[in-house]
Amino acid sequence: MPLPLVIDTDTAQDDCVALLAGLLDPRADLRAITMVAGNVGFERQVRNAFLTLNAAGRLGEVPVHLGCRHPLMRPWVGAENVHGDGVGGLAMDDSGHAPEAEHGVDALVRLAAEHPGELAVVAIGPLTNIAAAVLRDPDFVRNVGRLYVMGGSNNGRGNITAAAEFNFYVDPEAAKAVFAAGFEVTVVPWDPLTLRQAVFGRDELDAIAALDTPLSAFFTRVCAATLEFDRSVGIDGTTHPDSLAVALLLHPELVRRTGAYHVDVETAGELTRGYAAMSWGVHGLDANADVVEEIDARGFFDYLAHLLATPTAPNRPMWTPDGPLTT
Ligand code: RIB
Ligand code: CA
């Protein structure tokens, strides 16, 4: 029985790949995509989500809901320096489709109530919508079956600052509230997990390009700007924390090891805004999260490569500044 799923996203680069997994994996029943302020401009993220639906041949089949357009208490901080527009300049005819009228937070609350204890939520952007849903409905935490969060680092380096990973940095108050709310939550962190086991280097990227499918061309295009940034900061490849979060939810056999941690997020620090303190049981703090510590990296790559080899037909043609997107 496919798993009812909502992906809460700040759609850019690997968020697009994560949506492809939710759209194409037979184990997933993607009920909604909810948008949260994060990577790139909000409207741009919405267009990126529709482009991804289109690339998967699913345009119009999965509702897109607009969530919070800025963090709970702070101005929005983006990552356009990392991702550009998030899709390598891809465009398509935007007519004939639009986001739902229902707010993303209301959609999260409604879908969780419709599937009490079953709905899986994968949060791959700042946690603003998730925190707002907790405030909106006292039953939301109990109604959500599993919450997977891409964010923080497990006693490792940040990315937007030395201390903080981007998703938790953008809305630290939301992240703090989510980890205090009582969810059954699994965390997919930036460092060490993503940096050690979910970076695709030259050989993997060449293997994906050689698939020569519409999805592999889409993947290469949406990852282009981020790859250039990654190499500029010493990461020799594309990073895939968001698609990893969806893959691990749907394929727990890819998880090699997790640890029980108490996760809390810094909101008062100047240098440490958004830092995720992950205590491993020797600090007298009860665990509130499972943090993924090791995965089957080859299995994860093979999973995504298999997905990108799917012979889909985009609903509409897409083009780049250099011309039509061709396989
Ligand atoms: O820090 C990694 C997270 O922020 C991912 O969700 C990715 O989308 C990046 O922007
Ligand atoms: Ca993201």
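This one's a predicted model, so the numbers in the text were calculated from it and none came from an experiment.

What counts and what doesn't
Residues numbered from 1 in each chain as written. Chains lettered and ligands numbered in written order. Predicted model: local features only at pLDDT ≥ 70, side-chain atom pairs only at ≥ 80, totals over all residues. Heavy atoms only, no water. Helix = DSSP H or I, 4+ residues; strand = E, 2+ residues; numbered from the N terminus. Rg over C-alpha atoms; globule rule 2.2 N^0.38 Å. Buried < 20%, exposed > 50% of the residue type's maximum accessible area, 1.4 Å probe, protein only. Contact = heavy atoms within 4.5 Å. Areas by Shrake-Rupley, 256 points an atom, 1.4 Å probe, with all protein chains shown as cover. Lys, Arg positive; Asp, Glu negative; His and termini not counted. Charge placed at Lys NZ, Arg CZ, Asp CG, Glu CD. Near = heavy atom within 4 Å. Polar contact = N/O pair within 3.5 Å; in protein donor to acceptor, adjacent residues only side chain to side chain. 1 Å grid on protein atoms, 1.4 Å probe; cavity = no way out; pocket = protein on both sides within 12 Å on 5 of 7 lines; lining within 4 Å. Sits in = over half its atoms within 2 Å of the grid points. Nonpolar A, V, L, I, M, F, W, Y, C, P; charged D, E, K, R; others polar. pLDDT = per-residue confidence, 0-100. Points joined across faces, edges and corners; volume = space filled by probe spheres on them.

The next subject is the overall build of the chain. For the chain, the helix and strand inventory stands at 13 helices and 13 strands. Expected size for 327 residues packed as a compact globule is a radius of gyration near 20 Å; at 18 Å, the chain falls within 12% of this value. Over its C-alpha atoms, taken along the principal directions, the chain stretches across nearly 55 × 40 × 40 Å. The 327 residues of the chain split such that 59% are buried. A sequence separation of at least 24 residues applies to 84% of the contacts in the chain between residues at least 6 apart. Just so you have it, the chain exposes about 12,700 Å², and 52% of that area is on carbon and sulfur atoms. Within the chain, the 43 negative side-chain charges are centred at a point lying 1 Å from the centre of the 22 positive side-chain charges.

Now for the site of ligand 1. Taken together, Asp10, Asp15, Asn39, His83, Ile124, Met150, Asn159, Glu165, Phe166, Asn167, Trp190 and Asp242 make up the full set of residues adjacent to ligand 1. Between ligand 1 and the protein, one listed contact pairs an oxygen atom with a side-chain N or O atom of Asp15 at 2.9 Å. The side chain of Asn167 places a nitrogen or oxygen atom 3.1 Å from an oxygen atom of ligand 1. Relative to its unbound accessible surface of 280 Å², ligand 1 loses 94% to contact with the protein. Cavity membership is defined here by more than half of the atoms lying within 2 Å of grid points; on that basis ligand 1 lies in the largest pocket. Split by residue class, the shell around ligand 1 holds four nonpolar, four polar and four charged.

Take the confidence of the model for the chain next. Per-residue confidence for the chain gives a mean pLDDT of 97, with 100% of residues at or over 70. Within the chain, strand E13 (residues 323-324) has the poorest average pLDDT of any element, 92, and strand E1 (residues 3-9) the best, 99.

Glancing now at the layout of surface pockets. Sizing a probe to match a water molecule and rolling it over the atoms shows the empty space that remains. The volume enclosed by the largest pocket comes to roughly 520 Å³. Along the walls of the largest pocket sit 30 residues, with Val82, Asn159, Phe166, Trp190 and Phe229 positioned nearest its centre. Those elements giving two or more residues to the lining of the largest pocket turn out to be helix H1 (14-24), helix H3 (80-83), helix H7 (166-170), helix H9 (190-197), helix H11 (214-232) and helix H12 (241-250). Per-class residue counts for the lining of the largest pocket are 13 nonpolar, ten polar and seven charged.

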